[in-house]
Amino acid sequence: MIKKPDIKIGIITIYYRNFNYGGLLQSYALTEFLNQQDGFQAEQISYSPPPRKKSFHENWDLIKGFSITSLFEKLGIKLDILARTILKPDISNKFVKRKQLCNDFRSKISHSAETAVKDLKALNDNYDVFISGSDQVWNPNTFRSPYFLDFAADNKKKIAFAASMGVNDLSVRQRKLLLPLIKRFDFISVREKKAKELLEKYIPGIKVDAVSDPALLLDSSDWNKIARSLIQDQKYIYAYFLGERQKNIRLAAKTAQMLNLPIAAVPYIYRRYNGFDHRFGDITLYDAGPCEFLGLIKDAELILTDSFHAAVFSVIYKKPFFVYDRDRESDTNSMNSRLIDFLDDLGLAGRRISNKNQLTKEKIAEAIDYKKVYSILEAKRKDTMEFLLKALDSTPEVLKERE
């Protein structure tokens, strides 16, 4: 029997020149999972987005999505960062090793040559299928049309896999921009319930599946192959915050003091000096890439975070953890929804804590029933795999049935 040629898959996500741990790890997970399956040959498209400035309308959509209180809070943060950047010496030298670790990790993921916007259409000759996702590829506040596969030919299969929108609603302008592009997809799956609700609301009759993040396609044994321990023979709390809410950091410090455990932290996540990292953390780790990020979660006694992927990997490694809100619940542009959905789906709503309340020893001592969590997780993982593999294996007849 002659073996059929592999289906060539081009994945576009926030991968190239990305230094975000979660973004890089989800890129790795999807590519690795697909290449483990028979009949597929997948790689990341090294799309290099050109620099761009937000238009007035884009800035207005972003601003009006936050309450007055949130806006003043964010303005204070920006002014604090600006002042400290001026008053403090350059700290870019602290990130040399971190950037190198991210670059090294990225290079180990199967990927294309660097591709500029003008060259994307030529990729139709290289791939049979295009996948957009995962991560916030569909966030209207950071809109880039290639993440909606605008370059893919009509006869190419187009799949959205665990695409994240990161907002609670879409303005009229955003709907006019995004929805026609989304309608071109053959298969659509998103990561948040809110994104599914929005698309079904604004595109009546559309078929949208809610699936898990690609990181959950792999299990702890897969991740152990690349995880790297940074702290050995010492108990610690890993505090990982992407948001800049000072209350969260203060509460994390109080929790560490109560438990008499040091905090391990990766300072200056956004590679800039800011007051939130000033004197925060007993063990500050500048030389941490994606593999070290995994190791820090794997070896921690407790994880405190506002990061979606830190919560995901805490579950993968069956660790005790708590999550804080990154934004106010009332904000339209709140980034809390993906975390809320993740916790609710797994019966872990109790691991979300208010930034007004301090954790107690009793609350921390409440063990997570990971046997129950994993029974739910395995079912969701199966559904996610089935969506992806069915979309990739679908025949023209299957596509016609979905129209």
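All values derive from a computational prediction rather than experimental measurement.

Draft legend 1. Inspection of the sheet that holds strand E10 (residues 302–305) at higher detail. Strand order in the open sheet formed by six strands is E9-E8-E7-E10-E11-E12, with parallel pairing between adjacent strands. In this open sheet, the two edge strands, each paired with only one partner strand, are strand E9 (283–284) and strand E12 (352–353). Summarising the sheet, strand E7 (residues 237–240) and strand E8 (residues 263–265) pair through two bridges and their orientation is parallel. When the sheet's bridge partners are listed, Tyr238 is paired in E8 with Ala264. Sheet contacts for helix H10 (residues 308–316): E7, E10 and strand E11 (321–324); angle to E11, the most-contacted strand, approximately 165 degrees.

Draft legend 2. Fine view of unusual backbone geometry. Geometrically, the link from Gly133 to Ser134 is a cis peptide bond, its omega value of 5 degrees lying close to zero. Relative to the helices and strands, Ser134 is located in the loop between strand E3 (129–132) and strand E4 (157–163). The phi torsion at Arg17 lies on the positive side, around 55 degrees, for a residue other than glycine. Topologically, Arg17 is positioned in the loop between strand E1 (7–12) and helix H1 (21–36). Looking at Arg17, the relative accessible area reads 52%, which means it is exposed. Despite not being glycine, Ala162 has its phi angle at roughly 55 degrees, a positive value. Judged by relative accessible area, Ala162 falls into the buried class, the value being 0%.

Draft legend 3. The arrangement of the confidence of the model for the protein chain in detail. Averaged over every residue, the pLDDT of the protein chain is 86; the share at 70 or more is 80%. Put simply, helix H14 (residues 396–402) is where the protein chain has its lowest mean pLDDT, 40, and E3 is where it has its highest, 98.

Draft legend 4. Main features of the nonpolar core. Core analysis: the biggest nonpolar cluster contains 72 residues, and Leu34, Ile131, Trp223, Tyr238, Val315 and Phe321 have the highest contact counts within it. The residues touching Leu34, leaving out its near neighbours within four places in the chain, are Ile9, Ile11, Phe40, Ala42, Ile131, Leu388 and Leu392. If you look at the next biggest cluster of nonpolar residues, it comprises 34 residues, including Tyr47, Phe143, Phe151 and Ala152.

Draft legend 5. Quick peek at the pattern of salt bridges. For the structure on display, the rule yields 15 salt bridges. The partner of Asp119 in a salt bridge is Lys118, and the shortest N-O contact between them spans 3.4 Å. Its relative accessible area of 33% is what places Asp119 among the partly exposed residues. When the shortest N-O distance is used, the salt bridge between Lys193 and Asp345 registers 3.0 Å. Of this pair, Lys193 sits in helix H6 (residues 193–202) while Asp345 is found in helix H11 (residues 337–345), placing the two residues 152 residues apart along the sequence. The exposure class assigned to Asp345 is partly exposed, which follows from its relative accessible area of 25%.

Draft legend 6. How the structure looks around the packing of helix H9 (residues 290–299) against H10. Two numbers describe how H9 lies on H10: the axes approach to 9 Å, and their chain directions differ by 55 degrees. Classified by the angle between their axes, H9 and H10 sit oblique to one another. For the crossing formed where H9 meets H10, the hand is right-handed. For the pair H9 and H10, contact is made by Phe293, Leu294 and Ile297 and by Ala310, Phe313 and Ser314, respectively. Taken together, the residues of the contact of H9 with H10 sort by class into five nonpolar, one polar and no charged.

Draft legend 7. View of the pairing of E3. Residues Val129 and Ile131 line one face of E3 and the alternating positions Phe130 and Ser132 line the opposite face, and both faces are buried. As defined by bridge partners, E1 adjoins E3 across four bridges and the pair is classed as parallel. Note that in E3 the partner of Ile11 across the bridge is Ile131.

What counts, and at which threshold
Residues numbered from 1 in each chain as written. Predicted model: local features only at pLDDT ≥ 70, side-chain atom pairs only at ≥ 80, totals over all residues. Heavy atoms only, no water. Pairing = 2+ DSSP bridges. Helix = DSSP H or I, 4+ residues; strand = E, 2+ residues; numbered from the N terminus. Contact = heavy atoms within 4.5 Å. Axes fitted to C-alpha atoms, helices over the stretch in contact; angles between N-to-C directions. Buried < 20%, exposed > 50% of the residue type's maximum accessible area, 1.4 Å probe, protein only. pLDDT = per-residue confidence, 0-100. Core = buried A, V, L, I, M, F, W, Y, C linked by side-chain atoms within 4.5 Å. Salt bridge = Lys/Arg side-chain N within 4 Å of Asp/Glu carboxyl O. Parallel < 35°, antiparallel > 145°, perpendicular 65-115°, else oblique. Left-handed = near helix turned anticlockwise from the far one by under 90°. Nonpolar A, V, L, I, M, F, W, Y, C, P; charged D, E, K, R; others polar.

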